[in-house]
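Below, each chain spelled out in residue letters.
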Amino acid sequence: MKVNVHAVNFTVDKKLVDYIQLRMDKLEKYYDKIVSSDVFLKVEKTSEKENKIVEVKIHVPGDDFLVKKQCKTFEEAIEMAAESLERVLVKRKEKVRTHI
């Protein structure tokens, strides 16, 4: 799957991009018709520790899914977003299967 990583107002290191790619690739076992995904990484300027925001937009035929998570680290946020997307994709797959 093609994963586009967009870091807002900072540069992202290769290790994080590789981690994101690896985690997003795992989503294909839940729903194999994923076209691509956009991952937006943002750092919110607050005094709180949970200032890392990850938005993941997944493109599937006929639909787009958007998940937004805020955590202490980008890795944790990616993990939580991916888990949410797994549930969404399984639901989508079941819905498509019932219409066939």
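Conventions we followed
- Residues numbered from 1 in each chain as written.
- Predicted model: local features only at pLDDT ≥ 70, side-chain atom pairs only at ≥ 80, totals over all residues.
- Heavy atoms only, no water.
- Helix = DSSP H or I, 4+ residues; strand = E, 2+ residues; numbered from the N terminus.
- Rg over C-alpha atoms; globule rule 2.2 N^0.38 Å.
- Buried < 20%, exposed > 50% of the residue type's maximum accessible area, 1.4 Å probe, protein only.
- Areas by Shrake-Rupley, 256 points an atom, 1.4 Å probe, with all protein chains shown as cover.
- Lys, Arg positive; Asp, Glu negative; His and termini not counted.
- Charge placed at Lys NZ, Arg CZ, Asp CG, Glu CD.
- Contact = heavy atoms within 4.5 Å.
- Patch = residues over 30% accessible without salt bridge, like charges linked within 9 Å, V, L, I, M, F, W, Y side chains within 5 Å.
- Salt bridge = Lys/Arg side-chain N within 4 Å of Asp/Glu carboxyl O.
- Phe/Tyr/Trp six-rings, centres within 6.5 Å; stacked < 30°, edge-to-face > 60°.

Trainee: In this structure, what is going on with the overall build of the protein? I would like to understand it.
Mentor: Helix and strand counts for the protein stand at two helices and four strands. The order of α-helices and β-strands along the protein, N terminus first, is β-α-β-β-β-α. The C-alpha radius of gyration of the protein comes to 14 Å, within 12% of the 13 Å expected for a compact globule of 100 residues. For the protein, the C-alpha atoms occupy an extent of roughly 50 × 25 × 20 Å along the three principal directions. The buried share of the protein, taken over its 100 residues, is 34%. Element-wise, carbon and sulfur atoms account for 52% of the exposed surface of the protein, whose accessible area totals about 6400 Å². When the 21 basic and 18 acidic side-chain charges of the protein are each reduced to a single mean position, those positions are 2 Å apart.

Trainee: Explain the environment of L66 to me, please; I cannot follow it from the model alone.
Mentor: Relative to the helices and strands, L66 is located in strand β4 (residues 63-71). With a relative accessible area of 57%, L66 lands in the exposed category. For the pair L66 and R97, spaced 31 residues apart in sequence, the C-alpha to C-alpha distance is 22 Å. Setting aside residues no more than four positions away along its own chain, L66 makes contact with E55, V56 and K57.

Trainee: What is the right way to look at the environment of V67 in this model?
Mentor: Looking at the element boundaries, V67 is found in strand β4. When the C-alpha atoms of V67 and A81 are compared, they prove to be 6.0 Å apart, with 14 residues separating the residues in sequence. If we ignore the near neighbours within four places in the chain, the residues touching V67 are V54, E55, V56, A81, S84 and L85.

Trainee: So what exactly am I meant to see when it comes to the side chain of S37 here?
Mentor: Residue placement: S37 occurs in strand β2 (residues 36-43). Aside from chain neighbours lying at most four places away, what touches S37 is M1, K2, V3, N4, M24, K57, I58 and H59.

Trainee: I keep staring at a negative patch on the surface and nothing clicks. Help me out?
Mentor: On the surface, a cluster of negative charge is contributed by E44, E48, E50 and E76. Looking at E48, the relative accessible area reads 53%, which means it is exposed.

Trainee: Quick question: what am I supposed to make of the packing of aromatic side chains here?
Mentor: Two aromatic rings, taken as a pair, are described by how far apart their centres are and by the angle between their planes. Scanning the model with the defined rule gives one aromatic pair in all. Ring geometry for F10 versus F74: centroids 5.5 Å apart, planes at 10°, classification stacked. Taken as a pair, F10 in the loop between β1 (2-7) and α1 (14-25) and F74 in helix α2 (residues 74-99) lie far apart in primary sequence, 64 residues in all. The exposure class of F74 is buried, given its relative accessible area of 9%.

What is shown is where atoms sit, not what they do.
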